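One-letter residues, chain by chain:
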Amino acid sequence: MTLVTRFAPSPTGPLHLGHAYSAILAHDFAKSKNGQFLLRIEDIDRSRSRPEWETQIYDDLHWLGLFWPEPVLCQSTRTAIYDAALDDLWSRGLLYPCSCNRKDIANAASAPQEGAPLLGPDGIIYPGTCRTRWKQQGSSGKPRPLSIPLRLDMAEALQQTSSLFQIDKNTAWFQEIGEGPGAESGGVRFTQAEMLETVGDVVLSRRDMGTSYHLSVVLDDAAQKVTHVVRGQDLFEATRIHVLLQALLNLPTPIYLHHRLIRDQAGKRLAKRDDARAIAKFRDEGATPEDIRAMVGL
Ligand code: GLU
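For the protein, an unreviewed UniProt entry supplies the name Glutamyl-Q tRNA(Asp) synthetase and the organism Ruegeria faecimaris. In its Sequence similarities (unreviewed entry) section, UniProt records this for the protein: "Belongs to the class-I aminoacyl-tRNA synthetase family."

What follows is the structure in structure tokens.
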């Protein structure tokens, strides 16, 4: 089987040194194994994605000496696939509509009897307000609402993926050949209780996007037959969600390679707005691709 890696940037700003590191790692890893390196443009957030940033992604990556097969997969062309998966999950009673805004969630989660709100991969763990309401209403048989966020009913999802939790009937795992932020590697385990308490009912369809990062990433990695997901440690905690979704949607689980994050001098992780670290800026100043590799420790 051919080893396939991918780099999946969002065209919402300039690529910086952290992106260069991730892309070069995924590219070089595939090449070292006679595999294939793919590029995917994650442009589901139409309000923040810009064609000029997409063009600059191609320019910067080519300048770095990276090449990939064309055509490039753009998530904005895959709405029908995401819709079909949402329909499937909806018909199996795994989703419910949620009209809570951030403030509602923060208020409900910090109600005096609840203690301090718990944070998961997507922020505050959803306290379940709309799930309770939805269940009380008698939810079955209704068509999937299209313009309201949909959350995954985590308890129901765990019921429907019980075969994933084989070790002690309670623990699932994925294979990590890089390292999580707490040096996790090898078979990384997670339990059903952790999924309920530290992940909760994540949003799978966002308002205006018709999907979410978690849903699109698992569908696209499977469609592109990605065998090894190379990405930053900031996404390590989300991997449990992806493994659960793969089981729900009957998709294969790739091997994961999470890598360290490139930080600025103050130790802060680079963000899109860190234009000072943009690859394009180093290019303009006369840096070579080898200089960029050296800057990120490659
Ligand atoms: N699109 C995501 C980002 O730009 C990366 C997704 C992934 O690698 O799973 O941060």
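Asker: Explain the side chain of Arg6 to me, please; I cannot follow it from the model alone.
Answerer: Note that Arg6 resides in strand E1 (residues 4-7). Look at Arg6 and you get buried, because its relative accessible area is 4%. Within polar-contact distance, the side chain of Arg6 engages the side chain of Asp221 at 2.9 Å. With residues near it in sequence (within four places) discarded, Arg6 still touches Ala26, Phe37, Leu38, Arg40, Val217, Asp221, Val226, His228, Val229, Val230 and Arg231.

Asker: Looking at this model, I keep getting lost on the packing of aromatic side chains. Mind explaining?
Answerer: The relation between two aromatic rings is expressed through the spacing of the ring centres and the mutual angle of the planes. Enumeration over the complete set of coordinates arrives at seven aromatic pairs. Summarising the aromatic geometry, the rings of Trp90 and Trp134 are spaced 5.5 Å apart at their centres and angled 50 degrees between planes, so their arrangement reads as tilted. Of the two residues, Trp90 sits in helix H3 (residues 79-91) while Trp134 sits in helix H5 (residues 129-137), which places them 44 residues apart along the sequence. The residues Trp90 and Trp134 share a single accessibility class, namely buried. Taken together, a centroid distance of 5.9 Å and an interplanar angle of 90 degrees make the contact between Phe165 and Phe190 edge-to-face. Note that Phe165 is positioned in the loop between helix H6 (154-160) and strand E8 (171-176) and Phe190 in strand E9 (residues 186-191), a separation of 25 residues in sequence. Since its relative accessible area comes to 0%, Phe190 is described here as buried. Aromatic ring contacts, followed pair by pair, group Phe165, Phe174, Phe190, Phe236 and Tyr256 into a single cluster.

Asker: Even after reading the chapter, I still don't get the site of the ligand, so can you show me in this structure?
Answerer: Near the ligand you find Arg6, Ala8, Pro9, Ser10, Glu42, Tyr213, Val217, Arg231 and Leu235, and these make up its full shell. In this structure, Glu42 approaches the ligand through a side-chain N or O atom, which is 2.6 Å from a nitrogen atom. Within the side chain of Tyr213, one N or O atom sits 2.7 Å away from an oxygen atom of the ligand. Computed on the free molecule, the ligand has an accessible area of 300 Å², of which 78% lies beneath the protein chains in the complex.

Here is what the cut-offs are and how they apply
Residues numbered from 1 in each chain as written. Predicted model: local features only at pLDDT ≥ 70, side-chain atom pairs only at ≥ 80, totals over all residues. Heavy atoms only, no water. UniProt positions renumbered as here; feature names shortened; annotations may be inferred. Helix = DSSP H or I, 4+ residues; strand = E, 2+ residues; numbered from the N terminus. Buried < 20%, exposed > 50% of the residue type's maximum accessible area, 1.4 Å probe, protein only. Polar contact = N/O pair within 3.5 Å; in protein donor to acceptor, adjacent residues only side chain to side chain. Contact = heavy atoms within 4.5 Å. Phe/Tyr/Trp six-rings, centres within 6.5 Å; stacked < 30°, edge-to-face > 60°. Near = heavy atom within 4 Å. Areas by Shrake-Rupley, 256 points an atom, 1.4 Å probe, with all protein chains shown as cover.

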